[in-house]
Amino acid sequence: MGTENPGHPNFPVRPSATPFASAPPPVTPFSSSGPVASEGNSFRATLPAAPQGTTPYSSFGSAVGQDAFGYRPSPPGRFNDPSLSSAPTSFVPPTGASFQQFPTPQFPSTAQAPPARGPPVGQPPLQPPASQVPFRPQSSIPPISMGSPPPSVNFPSGVYQSDSSFPGARPNFPPSFPSVGSSYPAARATLQQPMPGYATNQPAVPQASPVPSAFPTQPGSYMPLPTSPSPFSAQQGSYFPAPPVAAPLGLQSRDQMQHPGSIPPVGGIQSLMEDFSSLSVTSMPGSIEPGLDSMVLPRPLYGDVEPKSFVETFPLNCNPRYLRLTTTAMPNSQSLVSRWHLPLGAVVCPLAEAPEGEEVPVVNFVSSGIVRCRRCRTYVNPYVTFTDAGRKWRCNICSLLNDVNGDYFAHLDATGQRIDLAERPELTKGSVEFVAPTEYMVRPPMPPLYFFLIDVSVAAVRSGMIEVVAQTIKSCLDQLPGFPRTQIGFITYDSTIHFYNMKSSLTQPQMMVVSDLDDIFVPLPDDLLVNLSESRTVVETFLDSLPSMFQDNLNMESAFGPSLKAAFMVMNQLGGKLLIFQNTLPSLGVGRLRLRGDDFRLYGTDKEHTLRLPEDPFYKQMAADLTKYQIGVNIYAFSDKYTDIASLGTLAKYTGGQVYYYPSFQSAVHGEKLRHELARDLTRETAWEAVMRIRCGKGVRFTSYHGNFMLRSTDLLALPAVDCDKAYAVQLTLEETLLTTQTVYFQVALLYTASCGERRIRVHTLAAPVVSDLGEMYRQADTGAIVSLFSRLAIEKTLAHKLEDARNSVQQRIVKALREYRNLYAVQHRLGARMIYPDSLKFLPLYGLSLCKSIPLRGGYADAQLDERCAAGFTMMALPVKKLLKLLYPSLIRVDEYLLKPSSQVDFENIMKRLTLIGESLDSRGLYIYDDGFRFILWFGRMLSPDISRNLLGTDFAAELSKVILSEHDNEMSRRLMGILKKLRESDPSYYQLPCLVRQGEQPREGLLLLANLVEDSIGGTNGYLDWILQIHRQVQQNA
């Protein structure tokens, strides 16, 4: 019902997604942190789509507080008490000392924001003297207001505040005055050139008191938009004034800053609704350096957030944990793809654990056979349509009209739906599992097969690894999937290869030793792999005796390559899972590796990446052979010396496996972690001899695949063994210049053998709308999926380029994306020095920084050991989205207060509240848990109560914590702490977090374990979060 302005375009107002919407701070024509803003040069012909209400990240701290103008006082002590926060200060000279700065208290409360000031009502605005020419380009076009005029407010007018509607005074320039008819406020009656860097005292001017805000605003809080007093509802393209609302300066929009005595704006146009989030980057007094309040920076303190709105829009889609697109708004043209700048693709986790209370339905087409499109082979799914009274169905991927088999026929109701729809889960569920008939089998389904290749050299014996492995395997025999079909076998090796005959007729196993490493042969090939249920007694006898068999072994050599070939020769008839336990650098026979180590002279050169590549092509060739025969490899690496994970990990990379790395393994310390992770590897549900293909609609194709697998053809992934902890990333592009369809469909199909012996096909189907608006692509972006693709691309880049190049590529893509997004709004909105971004990508810069500081990408030679770097790279390449994001931005929680509370006052959810990853979050009187999903780090503050330490550590409370192993003691406090750790582990059991204890001030352990992982701090010459944001903002403004 709003008024229309002839001659001016109407911009649609997007409904707010939250009760809090961003309000645009006014800006000056000049930005002190960059060149003069030229909005005309950034004009895009494409109008933005309906904007979406977002949540701002500006607060009064960013405009008036101590960081408002870039000023940052001396930082407090590295570890302080967050509960004793000092009052923010502003810099307003006191009366009588006009050129001195004293910190004065900030506004007493946000509910008492200072009233906006302006000239008295009825007083005519002052015209500039004739000698002073307004520094403003003249135009024949009458000025059009982009918002109602702001009041004159108290802020340091000598500062180059780019977030203000006032043309602030600048050195060597006379004050700027608005021309007649401008929407800017009238000049003050008293003209005074302020001193740069100092605030000027401005006399109080009477003005109507503003309406107080019902929402108290704190740093980092959200400012709600005022409700419209107009009796008319807001329509798209309509404009309506809002009542003045008292709010902190940094959050006031033009609509909120009503000026009762100003001239009405020409044309009556109010400001356009902003559908983006922003950070106000302003200048500090006396400096041109930009500044930002770190408290308002967005942080993912709630972990990964799945795109729920998309799920609600397309309820027939599969759950996002199975398939997530980097943006759920697909571009309709290649030009949009080129302006997207972020990865366009998806993350697939085909066997992810189903949401709580749900399960993937199993469908068995006994008589009709699996219903598929005869041209593109798409499986029937909720998005196919039935026509011709139910006799035909149209494929949603290729649009071909297919005949309906007589056994699958059903009549249609008045709405065109099948009358048996409720009985057909494949037509109502986005995820379904089909039981495959015999034509989907090249051979009979294989039994679950576990083969163990165990290093028994002296290093392995002394570490205690053999004993832990043997005990864990024995304890898991009853839980191995596939009973009674499960097969099992063992080989041990040092300088020779040891085979074990475990035929069921034997009372104990027979060991056969092969010492000829150049001509490997397999003795008794039929008795090395046995049925577990038939040979259970022999297997248990072997596992009981294994640790003692080699307890006196002093052999230091490792014939890993020949023993790997021997295992392949035993397994290649059936396939299965090969678990390798490696402790010593391979030194004998084929595949032997030299101690090339981590040569610091190569870092920064063109040969740096060769350190992270396999040295011997034997391993990649073996991986190809293993995959061909459906053998998946998991590597368990234990060593305190260099073992060339870059080479060994290749076996896991190309066979769909994973790498577990235990540096300096000692069973007394690390045994529990190995025990839990090996048990999960053995007992979790596994898909055997699998292949996966992703189909997509016409005009779209997948171009690259990233993860641990072997690509059998252009679009077929070979996965000998896959489970719920494996994820894969894919990139896609448009084949056609312009998409004509309104929706693009994707379908993931995983053909595999279940442990029960059935051949099955798991199918996930997803639909996504096609859009012509780049802004909508950004609004529907999925940060989790984007970061997953980013990490895989960056890690792969380290295999061909320097670490620095990989880090720069991450930063540059983020900069290009934010710059392109900024250009979308440069014409309609006064952006000034604000950094704008879509609400969907508010965490992307922080995750980008965390990725650059992660072990695979961080620093150089001295920042991570080569084996540790390579192992982390192999691990991250396979992680699902949720697990990866937690690794990049871990949890930091404080628990000492919870331990001291009586049981009746315990609020566990409040205790699990995550803290920001900065040193200032650590109070020397507290106890903190750092959890990245792979380990716990318990940080004991220097001033922590001795009673807490005594209860948790017992007699070791005063000892050096590097030698203390956390265990449960007989007191309530210790039981509570162990309960917290148990709950954290249960939230994601894929890895076991081993507690590492560190006390404040214990160097270098504290720095290596915790301080280096506080990603928001600037440590070792790396950027902190605040500096990273400012650096990105500067680069975005260049050529924007």
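Given the structure is predicted, the values throughout are model-derived calculations rather than measurements.

So, how was this worked out
Residues numbered from 1 in each chain as written. Predicted model: local features only at pLDDT ≥ 70, side-chain atom pairs only at ≥ 80, totals over all residues. Heavy atoms only, no water. Pairing = 2+ DSSP bridges. Helix = DSSP H or I, 4+ residues; strand = E, 2+ residues; numbered from the N terminus. Axes fitted to C-alpha atoms, helices over the stretch in contact; angles between N-to-C directions. Buried < 20%, exposed > 50% of the residue type's maximum accessible area, 1.4 Å probe, protein only. Right-handed = clockwise from strand over helix to strand, strands pointing away. Contact = heavy atoms within 4.5 Å. Expected span 1.5 Å × (residues − 1). Patch = residues over 30% accessible without salt bridge, like charges linked within 9 Å, V, L, I, M, F, W, Y side chains within 5 Å. Areas by Shrake-Rupley, 256 points an atom, 1.4 Å probe, with all protein chains shown as cover. Salt bridge = Lys/Arg side-chain N within 4 Å of Asp/Glu carboxyl O.

A. Summary view of the sheet that holds strand S13 (residues 392-394). A sheet is described by the order of its strands in space; here 3 strands give the open sequence S12-S13-S14, paired in antiparallel fashion. The open sheet has two free edges, formed respectively by strand S12 (385-387) and strand S14 (401-403), since each of these has just one partner strand. Recorded for the sheet is a direction-independent mean angle of 35 degrees between the axes of neighbouring strands. Sheet topology note: the S13/S14 ladder contains 3 bridges and is antiparallel. From the neighbouring strand, Lys392 faces S14, where its bridge partner is Asp403.

B. Summary view of the pairing of strand S21 (residues 576-582). Among the 7 residues of S21, 7 are classified as buried, and the element is accordingly described as predominantly covered. Pairing between strand S16 (residues 449-455) and S21: 5 bridges, direction parallel. Each residue of the ladder has a partner; that of Ile454, found in S21, is Phe581. Judged from the 7 bridges that link them, S21 and strand S22 (residues 631-639) form a sheet pairing that is parallel. Within S22, the position partnered with Ile580 by the bridge is Ile635. At this point the chain moves from S21, through helix H8 (residues 618-628), to the parallel S22, and the crossover so formed is right-handed.

C. Spotlight on the sheet that holds strand S8 (residues 323-325). If you walk across this open sheet you meet the 4 strands as S8-S10-S28-S25, and the pairing is antiparallel. Edge strands, defined here as strands with exactly one partner in the open sheet, are S8 and strand S25 (700-706). Within this sheet the neighbouring strands show an average axis-to-axis angle of 25 degrees, counted without direction. Of the pairings in the sheet, the one linking S25 to strand S28 (residues 728-734) comprises 6 bridges and is antiparallel in character. By the bridge assignment, Ser704 is partnered in S28 with Gln731. The strands that helix H12 (residues 783-797) touches are S8, strand S10 (345-348), S25 and S28; relative to S28, the one it contacts most, it runs at about 100 degrees.

D. View of helix H7 (residues 560-571). The end-to-end C-alpha distance of H7, which contains 12 residues, comes to 16 Å, matching closely the 16 Å that a straight helix rising 1.5 Å per residue would cover. Of all 12 residues in H7, 10 are buried, a share of seventy percent or more. Considered for burial, the residues of H7 that qualify are Phe560, Gly561, Pro562, Ser563, Leu564, Ala566, Ala567, Phe568, Val570 and Met571.

E. The arrangement of a nonpolar patch on the surface in detail. A cluster of nonpolar side chains, namely Met511, Val513 and Met549, defines an oily patch on the protein surface of about 260 Å² accessible area. Following the sequence through the fold, Val513 ends up in strand S19 (residues 510-514).

F. Up close: the pairing of strand S18 (residues 497-501). In terms of burial, S18 is a largely internal element, 5 of the 5 residues being buried. Alternating positions in S18 separate into two faces, Ile497, Phe499 and Asn501 on one and His498 and Tyr500 on the other, with burial throughout. Strand direction decides the pairing type here: strand S17 (residues 487-493) and S18, joined by 3 bridges, are antiparallel. Residue Thr492 lies in a different strand from S18, and its bridge partner there is His498.

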